Amino acid sequence: MKHHSELFIDGRWTPGSGGKTFPVLDPATGEELAAFAIAEEADCDAAVEAAAAALPAWSDTPPRIRSEVLRRAFEILTEDKEQLAETIVLENGKSYADALGEASYAIEFFRWFAEEAVRVRGDFRLSPTGDKHIVVTHQPIGVALLITPWNFPAAMATRKIAPALAAGCTVILKPARETPLTAAFVVDALRRAGVPDGVVNLVTPVPTGPAVARMLHHPEVRKISFTGSTEVGRVLLHGAADNVVSASMELGGNAPFVILPGADLKAAVDGALIAKMRNGGSACTAANRFYVHSSLAREFAERMATELSTWRVGPGSDRANQLGALVSVQERDKVADLVDSAVGAGAEVLTGGEASEHGAFYAPTVLTGVTHKNPIAQTEIFGPVTSIIEYDDVDDAVRMANDTIYGLIAYVYGEQASALAVAQRIDAGMVAVNRAVLSDPAAPFGGMKQSGLGREGSSEGILEFLEEKYIGIDL
């Protein structure tokens, strides 16, 4: 399979002004997959200027035409879905099943926003005083800088690109250094779909921070949309403040999974396996802290351990493997350090707890005897580790679930009325009740507190890339 490993600026693939590259590695083997072009300052400037030059024509393009371009991108990627999944496996390390699931999810954003492009609503009404008519319309916010992470390299790109293009904005995509091949695959699909030159640009600067700050402070950039850690999000928000750039932030999480007394234990275990292990636990939506009522805790832990002890772990190139590699040895070691620290504080390993000698693999792990204040319960693990915390009183479970700076997603399992009541008390932008998967292009994705600002997907997603304009007119 041929992969693009160059920058994409103003409709052309380019090796960059400096001719330098960085290695893209297969985390399952450590082998080099590609030498990807490094974007110098001049390349980043050129990308912003290309996007700015293309903005007027793309903004004036009828919504139906923009819609049809996105629809063609959907059709192209649907045809190439398996190749997209294989690309994700190679550079991200996740299992093929997870990669195929991500590819399907990612592609759907092009179809959803192809439909939303022609459905942006406005308003027209007589003012209460009767002296004028109030007309409310929307216009594209402008050039958008999109920054995406390595854990969902396709879906996080399409979830930003699709609404931006639907709104009439032009974009510069800056993917994670670990997973640029997937980003290039998506960008090339848009090129093939007929996106005009300059509307979509791809840059991969090394080091990242100074280049992103430079682009963020360019006077033509009016929007930043970032998915990543809360720590980096804070830095970007500071930078956005200098030019009062509109910011959408999808930041970190520390998702509680609350199992209430009387819950259907089989359903809870089945849900936990998906909510925890999907994407190898490397997801901001992954269940991170399991608060299990004491009447169910031991049996829940044993069932989880029994199931996970049978899972096949290995490279995603073997489609029978249920758990792939983490994205890097460094990420593997972070997970190992958290588990070792928890064990040192008294946690018990029921299964797993081991890092591989070769490749970035970590065994699916179940820990019991974890306390709410243990660092493993206060940190976004981003790995296949189930940390179980027992509780006796539901009010305590809610208090512990809310005792975090994060508020992205939560999971509640129990009798429906009780679970819904608890869901309403949890401080999170999304709550899954008796189900393990919540993300949907048709639903608003986003968090409370320090988990972010704004929403992606749904009808709200396109509004992040539009300015509301009020026009008063005397008819």
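Just above sits the structure.
> Would you mind going over the packing of aromatic side chains with me for this structure?
The relation between two aromatic rings is expressed through the spacing of the ring centres and the mutual angle of the planes. Counted according to the given criterion, the structure contains eight aromatic pairs. Ring geometry for F257 versus Y411: centroids 5.6 Å apart, planes at 25°, classification stacked. Of the two residues, F257 sits in strand β12 (residues 255-259) while Y411 sits in strand β18 (residues 409-413), which places them 154 residues apart along the sequence. The residues F257 and Y411 share a single accessibility class, namely buried. Geometrically, the ring pair formed by F257 and Y413 is stacked, given 5.1 Å between the ring centres and 15° between the ring planes. Of the two residues, F257 is situated in strand β12 and Y413 in strand β18; the sequence distance between them amounts to 156 residues. Grouping residues by exposure puts F257 and Y413 together as buried. These aromatic residues form a ring-pair network of at least three members: F257, F290, F300, Y411 and Y413. Against the face of F152 rests K94, its NZ or CZ located 4.5 Å from the ring centre. Across from the ring centre of F445, 4.0 Å away, lies the NZ or CZ of R159, which sits over that ring.

> What's the story with the nonpolar core in this structure? I'm lost.
Most often, soluble globular proteins keep nonpolar side chains buried together rather than apart. The biggest cluster of nonpolar side chains holds 65 residues, and the ones touching the most others in it are L84, F110, I161, L165, L190 and L202. Look past the residues within four positions of L202 in its chain and what remains in contact with it is E6, L7, F8, I9, W13, F36, L173, P175, A183, A184 and V187. Listed in part, the 34 residues of the second largest apolar core include A287, F290, A305 and F445.

> Looking at this structure, I do not really get the sheet that holds strand β14 (residues 348-351). What am I missing?
What holds strands together in a sheet is hydrogen bonding between their backbones, with the strands either parallel or antiparallel. Strand order in this open sheet of seven strands is β14-β15-β16-β13-β12-β18-β19, and the pairing throughout is mixed. On the outer flanks of this sheet lie β14 and β19 (430-433), each paired with one strand and no other. Direction aside, the axes of adjacent strands within the sheet are offset by 25° on average. In this sheet, strand β15 (residues 365-368) lies alongside β14 in antiparallel orientation, the contact comprising three bridges. Bridging from a neighbouring strand, V349 pairs with L367 of β15. Each of β14, β15 and β16 (385-391) is contacted by helix α11 (residues 329-344), which is oriented at about 25° to β15, the strand it contacts most.

> Got a minute to help me understand the sheet that holds strand β22 (residues 466-473) in this structure?
Within the open sheet, the three strands sit side by side as β5-β6-β22. Their pairing is antiparallel. Edge positions in the sheet fall to β5 (123-126) and β22, since each of these pairs with one other strand and no more. Strand-to-strand twist in this sheet, taken as the mean axis angle between neighbours without regard to direction, amounts to 20°. Summarising the sheet, β5 and strand β6 (residues 133-140) pair through four bridges and their orientation is antiparallel. Each residue of the ladder has a partner; that of L126, found in β6, is H133.

> Before we go on, may I ask you to explain helix α2 (residues 63-79) in this structure?
Working note: α-helix, 3.6 residues per turn, so residues spaced by three or four point in the same direction. Helix length check: α2, at 17 residues, gives a terminal C-alpha distance of 25 Å against a target of 24 Å (1.5 Å per residue), a fit within 8%. Taken residue by residue, α2 has R66, S67, V69, L70, A73, F74, I76 and L77 as its buried positions. At its buried positions, α2 is contacted by α1 (41-60), α3 (81-92), α4 (96-116), α5 (155-167) and α6 (180-193).

The rules behind the values
- Residues numbered from 1 in each chain as written.
- Predicted model: local features only at pLDDT ≥ 70, side-chain atom pairs only at ≥ 80, totals over all residues.
- Heavy atoms only, no water.
- Phe/Tyr/Trp six-rings, centres within 6.5 Å; stacked < 30°, edge-to-face > 60°.
- Helix = DSSP H or I, 4+ residues; strand = E, 2+ residues; numbered from the N terminus.
- Buried < 20%, exposed > 50% of the residue type's maximum accessible area, 1.4 Å probe, protein only.
- Lys NZ or Arg CZ within 6 Å of the ring centre and 35° of its normal.
- Core = buried A, V, L, I, M, F, W, Y, C linked by side-chain atoms within 4.5 Å.
- Contact = heavy atoms within 4.5 Å.
- Pairing = 2+ DSSP bridges.
- Axes fitted to C-alpha atoms, helices over the stretch in contact; angles between N-to-C directions.
- Expected span 1.5 Å × (residues − 1).

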